[in-house]
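Coordinate inspection notes
These are the residues of each chain, in order.
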Amino acid sequence: VQLIEAMTHPLNLSDFHDEYRQQVEALIEQKRRGKQTVIPADDHDADNLPPTINLMEALRKSLAANKPARGRGRAQPRTAPHHRRGDVAA
């Protein structure tokens, strides 16, 4: 508890800045003034990315692979044991 109390301090929201919002607002202002905006190129090389995995298909395959094997033929229906009249269990 002492450690938590020693590290606790009031939250000052002015310490945090939304850089993404600032960049978007600057871009909007540039466009409003009629300046041409340049969007930086994506630095990801699509040719070197691993293939995208279809998660639903992977899940279906996984479930099918782990499904218990069923016996051959049709299962016999279960029936309740037959009791003769008067043989009812107490």
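What counts, and at which threshold
Counting from 1, residues in each chain are numbered in the order their sequence is written. Reporting of local features is limited, given that this is a predicted model, to residues whose pLDDT is at least 70; pairs of side-chain atoms are given and counted only at 80 or more, and all residues count toward the totals for whole chains, interfaces and linings. The basis for the side-chain values is all heavy atoms of the structure; hydrogens and waters are excluded. Helix and strand definitions follow DSSP, with helices as H or I runs of at least four residues and strands as E runs of at least two, each counted in order from the N terminus. Accessibility here uses a 1.4 Å probe with only protein chains present; expressed as a share of the type maximum, an area under 20% marks a residue as buried, one over 50% as exposed, and anything in between as partly exposed. Patch rule: a residue counts if its relative accessible area is over 30% and it has no salt bridge; like charges are joined within 9 Å, and nonpolar side chains (Val, Leu, Ile, Met, Phe, Trp, Tyr) within 5 Å. Under the convention used here, a 1.4 Å probe and the Shrake-Rupley method define accessible areas, while residue burial counts only the protein chains that appear. What makes a salt bridge here is a side-chain nitrogen of Lys or Arg within 4 Å of a carboxyl oxygen of Asp or Glu, nothing more. Every helix has an expected span of 1.5 Å times one less than the residues it contains. Here a polar contact is taken to be a pair of N or O atoms separated by no more than 3.5 Å, where protein atoms must pair a possible hydrogen donor with a possible acceptor and residues adjacent in sequence count only if both atoms sit in side chains. Think of pLDDT as the predictor's per-residue confidence, scored from 0 to 100.

This part covers the overall build of the protein. Of regular secondary structure, the protein possesses three helices and zero strands. Taken across its 90 residues, the protein has 0% of its residues classed as buried.

Turning next to a nonpolar patch on the surface. A contiguous nonpolar patch, built from L11, L13 and F16 and spanning about 400 Å² of accessible area, is present on the exposed surface. As for its placement among the helices and strands, F16 is situated in the loop between α1 (2-7) and α2 (19-32).

Attention now moves to α2. Taking 1.5 Å per residue as the helical rise, α2 with its 14 residues ought to reach 20 Å, and the 20 Å between its terminal C-alpha atoms agrees with that figure. Buried residues are scarce in α2, accounting for zero of its 14 residues. Where α2 begins, one side-chain oxygen reaches toward the backbone nitrogen of Y20, 3.3 Å away; that side chain belongs to D18. Positive phi shows up at G34, right after α2, with a value of about 85°.

If you walk through the whole model with that rule in mind, you get four salt bridges. Close ionic contact of R32 with E29 constitutes a salt bridge, the shortest N to O distance being 2.6 Å. Here R32 and its partner E29 are both found in helix α2, three residues apart, which amounts to about one turn of the helix. With relative accessibility at 61%, the residue R32 sits in the exposed group. For E57, the salt bridge goes to R60, with nearest N and O atoms at 3.8 Å. Taken together, the residues E57 and R60, both in helix α3 (residues 55-65) and three residues apart, mark about one turn of the helix.

Bringing the confidence of the model for the protein into the picture now. Residues with a pLDDT of 70 or more make up 74% of the protein, whose mean pLDDT is 80. Model confidence for the protein, summarised as mean pLDDT per element, is weakest for α1 at 86 and strongest for α2 at 93.

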